[in-house]
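Here are the chains, one letter per residue:
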Protein chains: 2
Amino acid sequence: MARSQRTFRLKYNEALDFLAAGGRVESISGFARKLAVSRTTARSLIQQLRKRGLLDSDQGPLQRPVHQSDYYPRSQVLETTEILRSAFMNWIIREQLRPGHYVDEAQIATQLQIPMSNVREFLIGLSKFGFFRKHRGREWRVEPITRDFIGQMLNLRRMLEVNSVAPLVGLPHSDPFWPTLQSIRTRHVELLQTVGGETLPFVELDNRFHSLLNSASENRIMQVLQEAVFFIFHFHYRWGSSEEKARNEQAMVEHLQIIDALIERDSDRATSALIAHLSTAQNTLVASLENPSGDIR
Amino acid sequence: MARSQRTFRLKYNEALDFLAAGGRVESISGFARKLAVSRTTARSLIQQLRKRGLLDSDQGPLQRPVHQSDYYPRSQVLETTEILRSAFMNWIIREQLRPGHYVDEAQIATQLQIPMSNVREFLIGLSKFGFFRKHRGREWRVEPITRDFIGQMLNLRRMLEVNSVAPLVGLPHSDPFWPTLQSIRTRHVELLQTVGGETLPFVELDNRFHSLLNSASENRIMQVLQEAVFFIFHFHYRWGSSEEKARNEQAMVEHLQIIDALIERDSDRATSALIAHLSTAQNTLVASLENPSGDIR
DNA sequence: ATGGTGTTTTTTAATCATTAAAGACATTTG
DNA sequence: CAAATGTCTTTAATGATTAAAAAACACCAT
């Protein structure tokens, strides 16, 4: 076969959402515009929708209710980088991926049902940060991370991120930063009220929060290192003991303090809250390294 | 076609060196071991050597003198990453590659006579640092670098590198660091006495010097950022005015001071020399930014 | 003019086929 | 039996190929 039908499937699901919400197909061109695809693709989508009895012509509204089974499964629709990232995240958290292990391009590609070249590119990217090293052929070794490296990285993060807070409060009211910050705030409250400090959603949210701080302040170096920090933190959380959940909750509370200070445009309070937060994180990590439960070296 | 014959050509040249130096082929296996290749490859090398009249059987010494024309040209033998790196270096220095330009994977691959996948991997790597961004398909855009970014990067470099000097003098006498340092020293003296501050060789040497400092001191973050700094400095040198050569010579003199202090295991003197050197570099750069001759923004 | 349609052409991204190179196996030689 | 050899099998890099998706084209209807 040739290239995958990822676009088609992704947009097919989007089309179902659109139709289920009462949307109508007015014209092929309009439909294509709505879904941000070429007419070629829009045309084949409509063809498929007709074949499945969801439409009766090239125009008009839904002909029957949409079932869950009409949708393509999520795994066939996500961006491959997203698939890869969350897969690796999972493996690390479940300790199925540790320093010294070997990973195989072909195996991962098969397992995740994505093209091998994407896996390769993903690993090449991470190898720039020293997390993986090409071993031979299509095999990659998970490299150990030294304490020094982690220490350096966290110091750096603290230094750069703290400096980036002040410019943030100066952003105009219309800047997209603010709504994004709000939505992250909402998510914090939501998580705290439901699953609490559950690792997986927390890690994701934590990453979103810090990414936002860096990207909004045009902190290019930290943007470059963001992916590295992301991975380090995952290795970190892996060592987490039983207090992990409590620690995550504590972190979210600290995030909220920073966020609220930002929303009130209180630069000083935001900065000191951030310093406190990053120090806590760093101390926790150092402590876990002093008394390691993993095989870091 | 299938995969390239880079190994074959590289090893063929090595074999010529070996034979020209009076080496003899005792056995296929031994020959393979000597060249660190499989017997399959050794066999075809010997076959080729016989065809060219350099050997008369599967054993024995050289049958005729080796001419320069017997060797494969250097460009067909180098590691592709080396080819790529020096090609990009050249383009940047000659101002044939500037922010806003577009580069095309296929075109570069054809031009340099290397596989397209290698070009792609190289660009993916650099895109991690924000120097290139995938534009559409196989086209990449050269991204502008902001002054802030450069400033941050150089600050960072200074901070990390200065901290890494002290551990170096503690390295045991047997550490490979010392001979490498010696050879870099020799190269400095050699350059100063011949071409002086000629851009191309200087840049290469400068990079080797700083890489050594970072790798020997296990400064992982800086190792990660080394490639980025390398590129920044190239963009930097591009803006260089007529004093560029003098500036490079000055830098080499400063390098020598650092090197000599290290060789004498004088940590304090090495550190202060390094601080002075990095400050000079940073000041020069800042000055060139204040009064830009390029189109940095 | 504007916005639509069917058809054709071009571009892009994934697989496929092919060959370089390595490795495994059985056998021979000294 | 230790080391070499020829033959055969396996692995992986790379250009060629192919299908998905986009874009261009020619035309039509308002």
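Here is what the cut-offs are and how they apply
- Residues numbered from 1 in each chain as written.
- Chains lettered and ligands numbered in written order.
- Predicted model: local features only at pLDDT ≥ 70, side-chain atom pairs only at ≥ 80, totals over all residues.
- Heavy atoms only, no water.
- Domains from an automatic or database assignment.
- Helix = DSSP H or I, 4+ residues; strand = E, 2+ residues; numbered from the N terminus.
- Buried < 20%, exposed > 50% of the residue type's maximum accessible area, 1.4 Å probe, protein only.
- Polar contact = N/O pair within 3.5 Å; in protein donor to acceptor, adjacent residues only side chain to side chain.
- Contact = heavy atoms within 4.5 Å.
- Least-squares fit on C-alpha atoms with pLDDT ≥ 70 in both.
- Near = heavy atom within 4 Å.
- Nonpolar A, V, L, I, M, F, W, Y, C, P; charged D, E, K, R; others polar.
- Expected span 1.5 Å × (residues − 1).
- Buried area = accessible area lost by both parts, 1.4 Å probe.
- Salt bridge = Lys/Arg side-chain N within 4 Å of Asp/Glu carboxyl O.

- In the nomenclature of an unreviewed UniProt entry, chain A is known as DNA-binding GntR family transcriptional regulator of Jannaschia seohaensis.

**Focus on the domain arrangement of chain A**
For an interface, size is often stated in terms of accessible area lost upon the parts coming together.
Then step 1. Along its sequence, chain A is carved into domain 1 (6-75), domain 2 (79-142) and domain 3 (147-290).
Then step 2. Centre-to-centre, using C-alpha coordinates, domain 1 of chain A lies 34 Å away from domain 2 of chain A.

**Notes on unusual backbone geometry**
It is generally the case that most residues other than glycine have a negative phi and that most peptide bonds are trans.
Residue and element names in this part refer to chain A.
Then step 1. For Ala36, which is not glycine, the phi torsion reads 60° and is therefore positive.
Then step 2. Position of Ala36 among the secondary structure elements: in the loop between α2 (28-35) and α3 (39-51).
Then step 3. For Ala36, a relative accessible area of 62% corresponds to the exposed category.
Then step 4. Phi is positive for Arg265, which is not a glycine, with a value near 55°.
Then step 5. Within the secondary structure, Arg265 sits in the loop between α11 (244-263) and α12 (267-290).
Then step 6. Taking the relative accessible area as the measure of exposure, Arg265 reaches 30% and is therefore partly exposed.

**Focus: the side chain of Thr80 of chain B**
Residue and element names in this part refer to chain B.
Then step 1. Tracing the backbone through its elements, the reader meets Thr80 in helix α4 (residues 80-93).
Then step 2. There is a polar contact of 2.6 Å between the side chain of Thr80 and the side chain of Asn118.
Then step 3. With residues up to four places along the chain from it excluded, the contact list for Thr80 reads Arg6, Ile114, Pro115 and Asn118.

**Examining the relation of the copies chain A and chain B**
Then step 1. With an RMSD of 0.3 Å, chain A superimposes on chain B once it is rotated by 178° and translated 0.0 Å along the axis. Such a turn and shift between the copies fits a two-fold axis. Across chain A, the smallest distance between a C-alpha and the rotation axis is recorded for Gly125 of chain A, namely 2.9 Å.

**A word on the protein's contact with DNA strand C**
Then step 1. Around DNA strand C sit 27 residues, and of these Arg33, Arg39 and Arg43 of chain A together with Ala2 and Thr41 of chain B come closest.
Then step 2. By atom count, sugar and phosphate contribute 66% of the portion of DNA strand C lying within 4 Å of the protein.
Then step 3. Within the side chain of Arg43 of chain A, one N or O atom sits 2.4 Å away from a phosphate oxygen of DNA strand C.
Then step 4. A distance of 3.0 Å separates a phosphate oxygen of DNA strand C from a polar backbone atom of Phe8 of chain B.
Then step 5. When contributions to the surface near DNA strand C are tallied by element, the ones reaching two or more residues are α2 and α3 of chain A together with α1 (6-20) and α3 (39-51) of chain B.
Then step 6. A class-by-class count of the residues in the surface near DNA strand C yields seven nonpolar, eleven polar and nine charged.

**So, α11 of chain A**
All names here are of chain A.
Then step 1. Its 20 residues give α11 an end-to-end C-alpha distance of 28 Å, which sits within 8% of 28 Å, the value for a rise of 1.5 Å per residue.
Then step 2. Buried within α11 we find Glu244, Arg247, Asn248, Ala251, Met252, Glu254, His255, Leu256, Ile258, Ile259, Ala261 and Leu262.
Then step 3. Note on α11: the residue one or two positions beyond its end, Arg265, has a positive phi of about 55°.

**Some points on the interface of chain A and chain B**
Then step 1. Facing 21 residues of chain A, the contacting portion of chain B comprises 21 residues.
Then step 2. Both sides of the chain A and chain B interface together cover about 2,100 Å² of buried area, and 64% of this is carbon and sulfur.
Then step 3. Among the residues of chain A in contact with chain B, Lys128, Arg220 and Ile221 of chain A are the three that bury the most area, contributing 31% of the side total.
Then step 4. Where chain A meets chain B, there are two salt bridges.
Then step 5. Its salt-bridge partner being Arg120 of chain B, residue Glu121 of chain A comes within 2.7 Å of it at the nearest N-O pair.
Then step 6. Between the two partners, chain A and chain B, sit two residue pairs in polar contact (both at pLDDT 80 or more).
Then step 7. Only α6 (116-127), α7 (147-169) and α10 (220-239) of chain A provide two or more residues apiece to the side of chain A that touches chain B.
Then step 8. The residue makeup of the side of chain A that touches chain B, split by class, is ten nonpolar, four polar and seven charged.

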